Structure formats: C-alpha cells, structure tokens
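# Notes for the structure review
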Amino acid sequence: MKKARDDEKCYTVKEVRALLRALDREEHAKLAVMARDRARVSANLDAGDLLNEAIVRFLDGRRGWPRGIDALRMLDQAMKSIASADLKHQNIVVDHAEIEEATHTERLANERGRSTMVDELHAERLLQRIVDELSSDQEALAIAMGRAEGLDGPEIRRRFNLGHKEYEAARKRCGRKIAKIVSEDDEHER
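All values reported here derive from a predicted model rather than from experimental measurement.

### Describing unusual backbone geometry
Even without glycine at this site, Asn-161 takes up a positive phi of about 55°. By the element assignment, Asn-161 lies in the loop between helix 8 (153-159) and helix 9 (164-189). Accessibility expressed as a relative area gives 66% for Asn-161, which makes it exposed.

### Side note on the confidence of the model for the protein
Per-residue pLDDT for the protein averages 78, and the proportion of residues at 70 or more is 74%. In this model, residues 1-6 is a region of pLDDT below 50 whose contacts with residues beyond four sequence positions or in other chains number 16 contacts.

### What about the packing of helix 2 (residues 25-39) against helix 3 (residues 47-59)?
For any two helices packed against each other, the geometry is given by the interaxial angle and the distance between the axes. In the contact formed by helix 2 and helix 3, the axes pass within 8 Å of each other and the chain directions differ by 110°. With respect to their mutual orientation, helix 2 and helix 3 come out roughly perpendicular. Contact with helix 2, carried on its side by Leu-31, Ala-35, Arg-36, Arg-38 and Ala-39, involves Ala-47, Leu-50 and Leu-51 of helix 3 and no other residues of that element. Class assignment for the residues of the contact of helix 2 with helix 3 results in six nonpolar, no polar and two charged.

### What to know about the pattern of salt bridges
Enumeration according to the criterion identifies 11 salt bridges in this entry. Across the pair Arg-67 and Glu-15 runs a salt bridge, and its minimum N-O distance is 2.9 Å. Remark: Glu-15 occurs in helix 1 (residues 13-21) and Arg-67 occurs in the loop between helix 3 and helix 4 (71-89); sequence separation between them is 52 residues. In the salt-bridge network here, residues are joined through shared partners; they are Glu-53, Arg-57, Asp-60 and Arg-62.

### Structural notes on the packing of helix 1 against helix 3
Closest axis-to-axis distance for the helix 1/helix 3 pair is 9 Å, and the angle between their directions is 145°. Here Val-13, Val-16, Arg-17 and Leu-20 of helix 1 lie close against helix 3, whose contacting residues are Ile-55, Phe-58 and Leu-59. Residues that form the contact of helix 1 with helix 3 fall into these classes: six nonpolar, no polar and one charged.

### Observations regarding the environment of Arg-38
Tracing the chain through its elements places Arg-38 in helix 2. A distance of 3.0 Å separates a polar atom in the side chain of Arg-38 from a polar atom in the side chain of Asp-76.

### As for the packing of aromatic side chains
In total, this model carries two aromatic pairs according to the counting rule given. Consider the rings of Tyr-11 and Trp-65, whose centres lie 6.2 Å apart with planes at 80°: the pair is edge-to-face. With Tyr-11 in the segment before helix 1 and Trp-65 in the loop between helix 3 and helix 4, this residue pair connects regions lying 54 residues apart in the sequence. Judged by centre distance (5.0 Å) and plane angle (55°), the ring pair of Phe-58 and Trp-65 falls under tilted.

Parameters and conventions
Residues numbered from 1 in each chain as written. Predicted model: local features only at pLDDT ≥ 70, side-chain atom pairs only at ≥ 80, totals over all residues. Heavy atoms only, no water. Helix = DSSP H or I, 4+ residues; strand = E, 2+ residues; numbered from the N terminus. Buried < 20%, exposed > 50% of the residue type's maximum accessible area, 1.4 Å probe, protein only. pLDDT = per-residue confidence, 0-100. Contact = heavy atoms within 4.5 Å. Axes fitted to C-alpha atoms, helices over the stretch in contact; angles between N-to-C directions. Parallel < 35°, antiparallel > 145°, perpendicular 65-115°, else oblique. Nonpolar A, V, L, I, M, F, W, Y, C, P; charged D, E, K, R; others polar. Salt bridge = Lys/Arg side-chain N within 4 Å of Asp/Glu carboxyl O. Polar contact = N/O pair within 3.5 Å; in protein donor to acceptor, adjacent residues only side chain to side chain. Phe/Tyr/Trp six-rings, centres within 6.5 Å; stacked < 30°, edge-to-face > 60°.

The structure is reproduced here in structure tokens:
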C-alpha cells in the first residue's frame, strides 16, 4: 500500500477514512447520483465501480485530498478524472463542458419536476431496472444513455463508435427491453 501524501496540505489516509465514515445517507445518495452522471459518459463504466475506485485512490494514497475540501466535491473530481481517463483510453473525444451542462440542466429539470418522494423512488427503481436489464447489452445501454443525454442517432454513433447497422439493431433491442419493463411496471401499478 502506498503511503499517503506527506504534504501537510493533504489529509492523511486515516483522516480520509474518518471523513468517509462521517458521510450521512443524504451525502451517500448525492454521491450515487454523481457517480451515475459521471459513469454515463462511457459504456465501460459502472456507477458503483466508479465511486469505489475514486474512494480506493484516496485510501491507498494514489490521490491526495487537500485539507478543507468537502468529500462530495473531492469524490466528484476523482470520478471525473477516472471517467476522463477511461474516455481517453477508448479514444473517444467528449466535450466535458457539454456533459457538465447537460447534467446540470437535467438535475435542475428533475428538481423542478419532482412531485413527491414516492414518485422519485418509483422513477429511480424503474431506471435501475432498465439499467440492470440493459447492462448485459453494452450497445443498447449506450443508446439509452445517449438518448437520456438528449443525443440524436449520429451523435450516439460517433460517441460510442457504432456503425449504422449496429446502431439500428441496438436501438431496436433497447426500445423493446424498455417497453417491456415499462409495460410490466404499468401492470404492477394497477
């Protein structure tokens, strides 16, 4: 295990552990949303794995945590860095400013449209079912993620390096799986 940064400007590994243990449920929920937003830029990233990797990098000393910076901000920055490295590894060029803006706009829209906690939990459960169902089909998952970000077909094909036929086949699979889940959900709600 690498030694934490000796620099007095950064927390020690022991202090980082204490900061992470002090996170409450609300902060954990915010981190999960941040991880999901960061993981959406790549079909290779899982939100849970992304957050775990960010935490591990602080705990094993690979990444320093400057004193005075809150946990949510530090972990979000670490996840952004990991996601960016993954994109570079895939040779996909993504304008992070556009992703940041789209994510921010989506969050604002979600906050304005939130009617009740029950609706929010239902939507979260439904979204998780969709992601779980599509997780074994990376191309269909890429389509769903691209659509969720408001991308059109050509933009999705470029971002996820899909040919026209691959895109069309994945789009149809994605649509069928989502329609099935929504239909099952509607039947369950009746």
